[in-house]
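Below are the chains, spelled out letter by letter.
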Amino acid sequence: MIVWVVRRVAASIAIVWAVVTLTFFVIHAARGSPFLPESSQSVDPETIVRITNQFGLDRPLWVQYVLYLRNLATGNLGESFALRRPVADALADAIPNTFVLALAALLIDFAVGLALGIYQAVRERSVGDIVLGNIALFVNSMPTFWLGLVLLLVFAQRLHAFPVGGISDPVLCPRLDSAACLGDFVWHLTLPALTLGLVGAAGTARFQRAAMLEVIRQEYVRTARAKGLQERRVLLVHALRNALLPFITLVGLAFPFLLTGAVLVETVYAWPGMGQLAVRAILQRDYYVVTGAALVTSTMVVLGNLIADLLYAVADPRIRVRGAGA
Amino acid sequence: MHTPRPTVFAAVACLALLGSCERRGGCTGDHCGTLVIAYAGEPDILLPPVSEFAATRDVTEPIFLKLADLGPSGNTVGDEDFQPQLAERWEWDTPTTLVFHLDPRAHWQDGQAVTAADVAFTYDVYTDTLVNSPFRSSLRQISAVTTRDSLTVVFRFRQRYPEMFYDAVYHMRIMPSHLLREVPRDQWRSTAFGRAPVGDGPYRFVAWKAGQSIELAADSTFFLGRPYIRRLIWRFTPDQQVAVTQLLAGDADAIEVLITPDNVQRACADPKLACYPYKGSAYGYVGFNLAAPGDTTKPHPLFADRDLRRALVLATDRERPLHNVFGELARVPPGPMSQLWWIWDPEIRELPYDSAQAARLLKRLGWIDSDGDGIRDKDGHALSFRLLVPTTSAIRRQYARLLQESFRTAGVDVQLDEVDFSVFNERARAGRFDALLNVWNTDPTPSSGFPQTWTKAGFGRSNYGRYFNPQVDQLVDRAVSAAANRDQARRAWRSAFEMLNQDAPGIFLFATENVAAVSKRFTDVTIRPDSWLALVRSWRVPSDRLTDRDRVER
Amino acid sequence: MNIWNWVALSGAAVLALIVVGAVRRRAGASASGRRFFRHPTAAPGLFVLTFFVMVALAAPLVAPFQPYEQIDVDHLQNHAPSTRYILGTDPLSRDVWSRLAHGARISLGIGALAMFVAVTIGAAVGATAGYFRRWVDTALMRLVDVGLAMPRIFALLVVVALWDRIAVPVLVLVIGLTGWFATSRLVRAEVLSLREREYVAAARALGARPSRVIVRHVLPNAAAPIIVSAALGIGNVMLLEAGLSFLGMGVPSPAPSWGNMIADGWSKMAVAPWSATFPGLAISLVVMALNAVGDALRDALDPRKEAV
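Note that the coordinates shown come from a computational prediction; the quantities given were computed from them, not determined experimentally. The residue numbering used here restarts from 1 in each chain and proceeds along that chain's sequence as written. A letter from A marks each chain and a number from 1 marks each ligand, given out in the order of writing. In keeping with the model being predicted, local features are shown solely for residues with a pLDDT of at least 70 and side-chain atom pairs are shown and tallied solely at 80 or more, while totals for entire chains, interfaces and linings include all residues. With hydrogens and water excluded, all non-hydrogen atoms of the structure serve as input to the side-chain values.

Is there a simple way to think about the overall build of chain A in this case?
Helix and strand assignments come from DSSP, with helices taken as H or I runs of at least 4 residues and strands as E runs of at least 2, each series counted from the N terminus. From N to C terminus, chain A includes 12 helices and 2 strands. For chain A, the α and β elements follow one another from N to C terminus as α-α-α-β-β-α-α-α-α-α-α-α-α-α. Counting over 326 residues, chain A shows a buried share of 55%. Two residues qualify as a contact provided that any one of their heavy atoms is within 4.5 Å of a heavy atom in the partner residue. The long-range share in chain A, meaning contacts at least 24 apart out of those at least 6 apart in sequence, stands at 71%. Counting only carbon and sulfur atoms, one obtains 66% of the accessible surface of chain A, whose full area is about 14100 Å². Any residue under 20% of the maximum accessible area for its type is buried, any over 50% is exposed, and the rest in between are partly exposed; the area is computed with a 1.4 Å probe on protein chains only. Only the protein chains shown count as cover for residues, and all accessible areas are computed by the Shrake-Rupley method using a 1.4 Å probe.

This is the structure in structure tokens:
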């Protein structure tokens, strides 16, 4: 088991390293000296000199690469020319926002998806199952940013039930320093989390319904029924436990989906998270931020997969026995 | 299984309600109020000498003072219509020597007094080539700024001309020499002061959350009178439509321009908002690059040809796209000018919209559709160019599409290069474009902005297309400096514009009329067209109309 | 919409119905076909897909206007849906339905082509990895891991933004290049299990070249997961293209795609919601149909159920 964990962690680190390397070389392949802004008028000469020295921008490519890695190890991810601050600082501000959004979306995703999936499995082929199933299918097929625009229009603009984007009221709550401000934060979080979460929930519901149905049909459930236990216990205890296994893999899959969806949802709602930071940096050709964001997003994806694999191994003894994974 | 969402929502609602309950109390009286301004964009740095962003101008307006400011009439000639600010009075020792006496009550927000040394330092910075201020050329007529004592400053000019006083006071915001003297001149664009400025104006800088908001607080010791509104907050949005949405939802209190007719209609019909129309200071145009993209030594393969440019202008209907985008809220300008300029005259001669003549001209130049694909060609090359447009402006994107289609019907293929605003600026400055769709926010008078954009003085600055006609330059010089009276100046300007129009360095598309919207709870709202927040310190919220946001005490 | 447009549109609908009916009859003959249509959403999904493909193919017939035609920029912009403009006009006074129909060509085309690229690469890589195993397998699967570690839209944005102007064919290629990873894993899994079957061993014993074995014997039997992931993948590509256009980096103007129609129309959402809503609905419907068909295919082609 320990061996397996160590191997997986080592593989994960290798993957992140490969992503960063790939990003670095792709960016360099496309343009000559991309790590400097196209026009130096907007940046003061001292910054340019400093960056050139730290990252070896006047030296051969492989030297630049080595210097970049070394700087990475010391926490220097370069400077953002558009934001005029170190990339690490900008990321440090943005990541918690994306994290909270992803977490909230994940909660909604699983809560709604699980409930819906189980309900549908229990009431298989009823009117409720079919109607909900189609609605879930439809929501799962929508572009997430389009759903965001629609929700914004209906709930924020027309009904004034939620704020029109942003993360907090700049007047009443510039900092998260009171219970009221926490409530304000949650109020701002609701629509973006719903947008991300509902689309995912629909997929989760479909998945969970199928998993539950498969388990329900299996022998041991019939055995449990034959024993005369209450139907409810049968479901919740036996079927759920086994149906939860593939559910855990969803955690790993959810991460990339959330990060992908977060990019667009953050743009629609002006949520100051990493997705928005990365998009703006890409559009503004702010390449240190881009490589920094690539590093962080791939780390999060790989981490999510790792955690999912660990949970899976913990939950399913068969995996542990088998030992070395693929 | 019962989904917990309804109860969570109720809990959140209770918390929010509780929050609002907590805040009752707080500020009362006349000097409360929070003005939240929705703004599409963000300043780059809060240091006036090094930034030409409109956002910077808006935010630094309440922080830093000028020597004197424009009066309500907007007249830029002479000195009678100007209002004292840092200077309490002034006199002319000779026709080219102007002496300012600073108000002894003026002080920086860290306590130090504002002295004549600050003014001299500011002039030095604005004209320093290392700082490379975009306003440097506007100050070229001033030969020296010296101090006579700690409260007396002397401006010396190279010659007499009508707008001397305007040039002395309008372009420079006085900077604190004791805080900025040590900053190396080539590092001004990134100095920390620019992220946390200390000024002498009615408002103090409080905080700047990058990408989100900037907050200013009223300085109760401001020597010209305590501002009424306690706090100014700019909320930055990714684009104009989001800003309008925030305004309509009540998340923001004010917006500088509503731009489109449907926004104006929605905002003015809103019972909580009041609309304020005022003369617009912006004009938009398509600028042709007369030099080869990326190489200013060679001429542009298409646009160096004056006749081709003229044909393209003749082929463009400017009224209908304007009506599509702006409705009645803009007018086609008779040249590169905004409605704010006193020389605005629809009678100025310009190239008309005449598609038949355009077709004839193009044919005469050899551009005919020989392969039947709908696009004219000559010697195997299609008549095609790329139009550079910033993605951040919905107006320009819409115009770009309208123009693309209208050119297509004339047999010209236009491809759109839609890039981020910062990339747009870099490419424009570097000359790496065929044509670009640009908008200028102008000064109240043409003498500072026009030469920067349309004469040789603007090469390397705002004259992105490198248009140069020595006769136009001469006429402009005459209009600005030599004209003894307004009529002469007007005639010179008119000739300059007409000559420029014949050269067709661009297609002048729109000059806006602005409509601002401010929440009705604000009274005494006066807007000066050249800088809409110039008089914000007299805006107020009567104490019976205070809301929770207004009562916040910090 | 004039009478001929309505005729063509109804023709498309009728044709789609006929096609679905024919497929249903043919499918009734086999067990997998019956399994396919046992899904209640399979037939409607197939109908929707066929209908939109018909509309895309017959776009000039069903669309009363050219997609780039700005009918009357002065007076007809943001016109509400009416008999003449059944889905209304957009802010540039272009007929939304005409753009939708022509946009179907581009959006569906990009979806299909990009998916084709992705599936081809994914199948090739997965089959190679599964067949040769050992270090080839390890190397290729590490590559797949790296590919899956970066969120797809992020990678796409980086590539698209690096080059100033991107032509549609290049866009298709790039989308395809970022989407083959999941397919390769599926194909590899299938190939690993198929490798030990008798007919494959026989072919190898007879001395056939690996490529021949893969193409003639292994891949046809691994077709099931390929087809299913292709069906589901097209939907993903369409959503991606919409997202890219929303950020300003998709299909360039004036060519219509459902994604850039949303981008063009969303600033007027409050006063003229039709220009952004209908393309969004179209995308949702097509992706929904693809999901339904993909699900049904997965069940239908599941070899484990052959024995039942």
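For this particular structure, what's the right way to read the interface of chain B and chain A?
By convention, interface size is frequently given as the accessible area that disappears when the constituent parts associate. Each side of the interface is counted separately: chain B has 42 residues, and chain A has 41 residues. Each partner contributes to the roughly 3800 Å² buried at the junction of chain B and chain A, and carbon and sulfur atoms together form 57% of this total. Between Asp 169 of chain A and Arg 549 of chain B there is a salt bridge, with its nearest N and O atoms 3.9 Å apart. Identification of polar contacts relies on pairs of N or O atoms within 3.5 Å, with a donor-acceptor requirement for protein atoms, meaning one able to donate a hydrogen and the other able to accept it, and with residues adjacent in sequence counted only if both atoms are side-chain atoms. For the pair chain B and chain A, the number of links is 2 residue pairs in polar contact (both at pLDDT 80 or more). Residue assignment for the side of chain B that touches chain A shows that the elements contributing at least two residues are α1 (5–23), β1 (34–40), β9 (213–218), β10 (231–237), α6 (240–249), α12 (421–430) and α16 (548–551) of chain B. A 1.4 Å probe defines the accessible area here, and the buried area is the portion of it lost by two parts on being joined, summed over both. A side-chain nitrogen of Lys or Arg and a carboxyl oxygen of Asp or Glu constitute a salt bridge if their distance falls within 4 Å.

For this particular structure, what's the right way to read the state of the cysteines?
A covalent bond between the sulfur atoms of two cysteines is referred to as a disulfide. Note on terminology: disulfide denotes any pair of cysteine sulfur atoms within 2.5 Å. Under the counting rule described, the total for this entry stands at 3 disulfides over all chains. The disulfide partner of Cys 173 of chain A is Cys 181 of chain A, and the gap between their sulfur atoms is 2.0 Å. On the sign convention where negative is left-handed, the bridge of Cys 173 of chain A and Cys 181 of chain A, at about -95° about the S-S bond, is left-handed. For the pair shown, Cys 173 of chain A and Cys 181 of chain A are each scored as buried. Across a sulfur-sulfur distance of 1.9 Å, Cys 27 of chain B and Cys 32 of chain B are joined as a disulfide pair. Its torsion about the S-S bond being -85°, the disulfide of Cys 27 of chain B and Cys 32 of chain B is classed as left-handed. Each member of the pair, Cys 27 of chain B as well as Cys 32 of chain B, is classed as buried.

Help me out: how do you make sense of the environment of Leu 9 of chain C in this one?
All names here are of chain C. Along the chain, the position of Leu 9 falls in helix α1 (residues 3–27). Classification of Leu 9 by relative accessible area gives buried; the value is 12%. With 184 residues separating them in the primary sequence, Leu 9 and Ser 193 have C-alpha atoms 47 Å apart. Excluding residues within four positions of it along the chain, Leu 9 makes contact with Met 1, Phe 51, Val 55, Val 62 and Trp 97.

What is the right way to read the pairing of β9 of chain B from this model?
The side chains of a regular strand alternate between both faces of the sheet. Residue and element names in this part refer to chain B. With 6 of its 6 residues buried, β9 lies for the most part within the structure. The side-chain alternation of β9 yields two buried faces, one formed by Ser 213, Glu 215 and Ala 217 and the other by Ile 214, Leu 216 and Ala 218. Pairing analysis gives 6 bridges linking strand β8 (residues 203–209) to β9, with the strands arranged antiparallel. Bridge pairing in β9 links Phe 205 to Leu 216. Note on pairing: two strands pair once DSSP finds at least 2 bridges between them. Here β8 folds back onto β9, and the loop between the two strands holds 3 residues, one of which, Gly 211, carries a positive phi near 80°. In this sheet, β10 lies alongside β9 in antiparallel orientation, the contact comprising 5 bridges. Paired with Ser 213 across the two strands is Arg 235, which belongs to β10.

How do you make sense of the confidence of the model for chain C when you look at a structure like this?
Low pLDDT marks regions whose predicted coordinates should not be analysed in detail. The pLDDT averaged across chain C works out to 86; a share of 97% of its residues lies at or above 70. The ipTM for the predicted assembly is 0.86, set against a pTM of 0.87. Confidence of the prediction at every residue is given by pLDDT, a number between 0 and 100.

Looking at this structure, how should I read the interface of chain A and chain C?
Each side of the interface is counted separately: chain A has 43 residues, and chain C has 38 residues. A buried area of about 3600 Å², summed over both sides, lies between chain A and chain C, and 78% of it is on carbon and sulfur atoms. Where chain A meets chain C, there are 1 salt bridge. Of the charged contacts in the structure, one is a salt bridge between Asp 295 of chain C and Arg 206 of chain A, with a shortest N-O distance of 2.3 Å. Where chain A meets chain C, there are 5 residue pairs in polar contact (both at pLDDT 80 or more). Contributing elements (two or more residues each) for the side of chain A that touches chain C: α1 (2–30), α5 (127–141), α6 (144–158), α9 (231–269), α10 (274–283) and α11 (287–315) of chain A. Of all the elements, α11 of chain A adds the most residues to the side of chain A that touches chain C, at 8 residues. Of the residues contributing to the side of chain A that touches chain C, the split by class is 30 nonpolar, 9 polar and 4 charged. Each residue gets one of three labels, nonpolar for Ala, Val, Leu, Ile, Met, Phe, Trp, Tyr, Cys and Pro, charged for Asp, Glu, Lys and Arg, and polar for the others, Gly among them.

Where do I start with the packing of helix α6 (residues 134–149) of chain C against helix α9 (residues 181–194) of chain C in this structure?
Relative orientation and spacing of two packed helices are given, respectively, by the angle between their axes and the distance between those axes. Residue and element names in this part refer to chain C. Whenever a helix is involved, its axis is fitted only over the stretch in contact; in every case the axis is a line through C-alpha atoms, and angles between N-to-C directions fall within 0 to 180 degrees. Relative orientation of the contacting elements α6 and α9 amounts to 145°, with a least axis distance of 9 Å. Of the two elements, α6 crosses α9, and the hand of that crossing is left-handed. Residues Asp 137, Met 141, Leu 143, Val 144, Asp 145, Gly 147 and Leu 148 of α6 lie in contact with α9, whose contacting residues are Phe 181, Ala 182, Ser 184, Arg 185 and Arg 188. Of the residues assigned to the contact of α6 with α9, the class counts are 6 nonpolar, 2 polar and 4 charged. The handedness criterion is simple: a crossing whose near helix is rotated anticlockwise from the far helix by less than a right angle is left-handed, and one whose near helix is rotated clockwise is right-handed.

Explain the pattern of salt bridges here, please?
A side chain of one charge can pair with a side chain of the opposite charge if their charged atoms are brought near each other. Under the definition given, this model contains 46 salt bridges over all chains. Here Asp 253 of chain B ties to Arg 549 of chain B by a salt bridge, and the two come within 3.3 Å at their closest N and O atoms. Of the two residues, Asp 253 of chain B sits in the loop between α6 and β11 (254–255) while Arg 549 of chain B sits in helix α16, which places them 296 residues apart along the sequence. Taking relative accessible area as the criterion, Asp 253 of chain B reaches 2% and is therefore assigned buried. Overlapping salt bridges bring together Arg 397, Arg 401 and Glu 418 of chain B together with Asp 90, Arg 94, Arg 99 and Asp 264 of chain C as one network.

Help me understand the sheet that holds strand β7 (residues 152–157) of chain B, please; the structure alone is not making it clear to me.
Two strands in a sheet stick together by hydrogen bonds in their backbones, pointing the same way (parallel) or opposite ways (antiparallel). All names here are of chain B. The sheet built from 4 strands is open, its strands ordered β4-β5-β7-β6 with antiparallel pairing. Of all strands in the sheet, those bounded by a partner on one side alone are β4 (87–94) and β6 (142–149). Pairwise comparison of adjacent strand axes, ignoring direction, gives a mean angle of 20° for this sheet. Looking at chain direction, β4 and strand β5 (residues 97–102) are connected through 6 bridges and run antiparallel. The partner of Arg 89 across the bridge, within β5, is His 101.

Can you walk me through unusual backbone geometry in this structure?
Comment: phi is negative for the bulk of residues other than glycine, and the bulk of peptide bonds are trans. All names here are of chain C. The step from Ser 253 to Pro 254 runs through a cis peptide bond, and the omega angle for that step is 0°. Locating Pro 254 in the fold gives a position in the loop between α12 (223–246) and α13 (258–265). Even without being glycine, Asn 78 reaches a positive phi, approximately 55°. Considering the arrangement of structural elements, one finds Asn 78 in the loop between α4 (59–62) and α5 (96–132). Residue Asn 78 is classed as partly exposed on the basis of its relative accessible area of 21%.

Could you clarify how one ought to interpret the environment of Ser 284 of chain C in this entry?
On the secondary structure map, Ser 284 of chain C appears in helix α14 (residues 274–300). As for Ser 284 of chain C and Met 238 of chain C, which are separated by 46 residues in sequence, their C-alpha atoms are 9.6 Å apart. Aside from chain neighbours lying at most four places away, what touches Ser 284 of chain C is Phe 138, Ser 141, Met 142, Pro 143 and Trp 146 of chain A.

Please clarify how the environment of Tyr 170 of chain B should be interpreted in this entry.
Residues and elements named next belong to chain B. Looking at the element boundaries, Tyr 170 is found in helix α4 (residues 164–170). Residues Tyr 170 and Ala 68, 102 residues apart in the sequence, show an inter-C-alpha distance of 7.4 Å. Aside from chain neighbours lying at most four places away, what touches Tyr 170 is Lys 66, Leu 70, Asp 443, Pro 444, Arg 528 and Asp 530. At a separation of 2.5 Å, a polar atom in the side chain of Tyr 170 contacts the side chain of Asp 530.

Please explain the packing of aromatic side chains as it appears in this structure.
The description of an aromatic ring pair uses the distance of the two centres, along with the angle that the planes make with each other. Residue and element names in this part refer to chain B. Centres within 6.5 Å make a pair out of two Phe, Tyr or Trp rings, where for Trp the six-membered ring is used; the pair is then stacked when the planes are under 30 degrees apart, edge-to-face when over 60, and tilted otherwise. Counting across every chain of the model gives 45 aromatic pairs over all chains. Ring geometry for Tyr 126 versus Phe 135: centroids 6.1 Å apart, planes at 55°, classification tilted. With relative accessibility at 1%, the residue Tyr 126 sits in the buried group. Seen in terms of ring centroids, Phe 450 and Phe 497 are 5.0 Å apart; in terms of plane orientation they differ by 65°. Their pairing is edge-to-face. Taken together, the residues span a long stretch of sequence, with Phe 450 in helix α13 (residues 446–454) and Phe 497 in helix α15 (residues 486–503) at a distance of 47 residues. Residue class for Phe 497 comes out buried when judged on its relative accessible area of 0%. Whether a charge lies above a ring is judged from NZ of Lys or CZ of Arg, which has to be within 6 Å of the ring centre and within 35 degrees of the ring normal. If you follow Arg 396 out to its NZ or CZ, it ends over the ring of Phe 424, 5.5 Å from the centre. We note Arg 486 situated over the ring of Trp 342; from NZ or CZ to the ring centre the distance is 4.0 Å.

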